[in-house]
Amino acid sequence: MKLPLVLAAALSLASCAPTLAPPAARGTVDHVVLMWQKRPGNAADRQEIIAACDKLRVIPGAIFLDTGTALPSDRPVVDDSFDVALLVRFTSADAMKSYLTDPRHVAQLNAVLKPKTSRILVYDITR
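A short tour of the structure in this document, coming up.

Parameters at a glance
- Residues numbered from 1 in each chain as written.
- Predicted model: local features only at pLDDT ≥ 70, side-chain atom pairs only at ≥ 80, totals over all residues.
- Heavy atoms only, no water.
- Helix = DSSP H or I, 4+ residues; strand = E, 2+ residues; numbered from the N terminus.
- Buried < 20%, exposed > 50% of the residue type's maximum accessible area, 1.4 Å probe, protein only.
- Core = buried A, V, L, I, M, F, W, Y, C linked by side-chain atoms within 4.5 Å.
- Contact = heavy atoms within 4.5 Å.
- Salt bridge = Lys/Arg side-chain N within 4 Å of Asp/Glu carboxyl O.
- Pairing = 2+ DSSP bridges.
- Axes fitted to C-alpha atoms, helices over the stretch in contact; angles between N-to-C directions.

**Remarks on the environment of Lys114**
Examined against the element boundaries, Lys114 turns out to sit in helix H4 (residues 103-116). Judged by its relative accessible area of 48%, Lys114 falls in the partly exposed class. In sequence terms Lys114 and Gln37 are 77 residues apart; their C-alpha atoms lie 9.5 Å from each other.

What follows is the structure, encoded as structure tokens:
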């Protein structure tokens, strides 16, 4: 009689466990872009940078795109000095290369990102 109750309790607790997204597929590329504003703390500039990044969602080969800002930290291993981060996941390295030369990317880079930022740092990560 106790065994069914124990199993029911275990199953109900297991269903409460958080689920993570599956790992990215082999060959995908994450393109991490950190940007420092020319006018740090300027909310209008930050929103313009984020809006420019959001316009890049339509470029083929990008399967995920999100933006965010630095989370303040007092941990010595954390660099929280940037203003805006962009994360884009691509289906492949070739898809990323096409994205980088796509006229929509080049337009946002030249019209908004370069004029509004003093520094851009990129990390490209493959699986």
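**Remarks on the nonpolar core**
The biggest cluster of nonpolar side chains holds 20 residues, and the ones touching the most others in it are Met35, Leu86, Val88, Phe90 and Tyr99. At the level of secondary structure, the elements contributing two or more residues to this core comprise strand E1 (29-37), helix H2 (43-54), strand E2 (62-68), strand E3 (84-90), helix H3 (93-101) and H4. If sequence neighbours within four positions are ignored, Phe90 has contacts with Thr28, Val29, His31, Gly61, Ala62, Ile63, Ala95, Met96 and Tyr99. Counting residues in each nonpolar core, the second largest holds 5 residues, with Trp36, Ala70, Phe82 and Ala85 among its members.

**A word on the pattern of salt bridges**
Close approach of charged atoms allows side chains of opposite charge to pair. As enumerated under the stated definition, the model contains 7 salt bridges in all. Across the pair Arg57 and Asp54 runs a salt bridge, and its minimum N-O distance is 3.2 Å. Residue classification places Arg57 among the partly exposed positions, given a relative accessible area of 42%. Arg104 is the salt-bridge partner of Asp102, the closest N and O atoms lying 2.9 Å from each other. Relative accessible area serves as the criterion here: at 12%, Asp102 is assigned to the buried category. A residue is classified by how much of its surface remains accessible, and Arg104, at 38% relative accessible area, is partly exposed. Taken together, the shared-partner salt bridges in this structure form one network comprising Arg39, Asp45, Glu48 and Lys116.

**Notes on the sheet that holds E3**
Spatially, E2-E3-E1-E4 is the arrangement adopted by the 4 strands of the open sheet, whose pairing is antiparallel. Because the sheet does not close on itself, it has two edges, and the strands there are E2 and strand E4 (117-126). Neighbour to neighbour, the strand axes of the sheet diverge by 15° on average, direction disregarded. With 7 bridges connecting them, E1 and E3 associate as antiparallel partners.

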